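Each chain, letter by letter, is given below.
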Amino acid sequence: MVDLPQLTPTGNWGWFHELGHEAQRRPDKSWSWNNPYTFDGSIEVTVNLYSAHAFDQLGMRDRKGWTWTASSEAVEEKATTFLDKGKTYAEGNAGEKLAMHLQVRHAFGWDVYREVLPGYSKQQDDDPSQLPKSEQAERDAWLVRMSKATGHNLSSFYGEAWCIPLSPEAIKEVEDLPKWSSVESKD
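Residues numbered from 1 in each chain as written. Predicted model: local features only at pLDDT ≥ 70, side-chain atom pairs only at ≥ 80, totals over all residues. Heavy atoms only, no water.

Caption draft 1: How the structure looks around the packing of aromatic side chains. One pass over the structure, following the stated rule, counts 13 aromatic pairs. A ring pair is formed by Phe82 and Trp162, whose centres lie 5.6 Å apart and whose planes are at 20°; its orientation type is stacked. A residue pair is termed long-range when its members are at least 10 positions apart, and Phe82 in helix H4 (residues 72–83) and Trp162 in the loop between helix H8 (155–161) and helix H9 (168–173) qualify at 80 residues. Residue Phe82 is classed as buried on the basis of its relative accessible area, which comes to 1%. With a centroid separation of 6.1 Å and 45° between ring planes, the pair formed by Tyr113 and Trp142 is classed as tilted. Of this pair, Tyr113 sits in helix H6 (residues 111–126) while Trp142 is found in helix H7 (residues 135–150), placing the two residues 29 residues apart along the sequence. (Phe/Tyr/Trp six-rings, centres within 6.5 Å; stacked < 30°, edge-to-face > 60°. Helix = DSSP H or I, 4+ residues; strand = E, 2+ residues; numbered from the N terminus. Buried < 20%, exposed > 50% of the residue type's maximum accessible area, 1.4 Å probe, protein only.)

Caption draft 2: Structural view of the nonpolar core. Counting residues in each nonpolar core, the largest one holds 45 residues, and the members touching the most others are Val104, Tyr113, Trp142, Met146, Tyr158 and Trp162. Of all the secondary structure elements, the ones that give two or more residues to this core are helix H2 (13–24), helix H3 (43–58), H4, helix H5 (94–108), H6, H7 and H8. Looking at this core element by element, the count peaks at seven residues for H5. Beyond its immediate stretch of four places on either side in the chain, Tyr113 contacts Leu49, His101, Val104, Arg105, Pro118, Trp142 and Met146. (Core = buried A, V, L, I, M, F, W, Y, C linked by side-chain atoms within 4.5 Å. Contact = heavy atoms within 4.5 Å.)

Laid out in structure tokens, this is it:
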């Protein structure tokens, strides 16, 4: 963990993961790791967005057991293998759920996450009463925020492909955006 010559070329997924937990919560403790953008038991999933982002920003492709996260083909394979079992997002393990997020990363880049995630914290500062309070509200807010950030209607991707329950109201809110349901890689 403190071996700079080792960390510099290869990083450390576990270390980045634990730092990610700090990024998931607010310093003012208005929310902890189970924040307004983490639904369906995904605390150990959204934290790994920070891990993958750190590796990507540092240009490190060797991630030990998480090396698959660097490749759009490996991410797609992990997602397809999981989805072919007929399971829902909520039934996935951390890696399988992370694959969904990384499909979006590969298609649209990290900028959508850089826009969406801080938006929750800004809303906490401006008007916390508007933040999602239930699992359903969190899923719906995620759909709407990510769809607007990508400029695409992601309801088929999240709702149909990944079987995340979305409300008709949330789907209607993004229906005018062009539909997107498959990965068009930016690699």
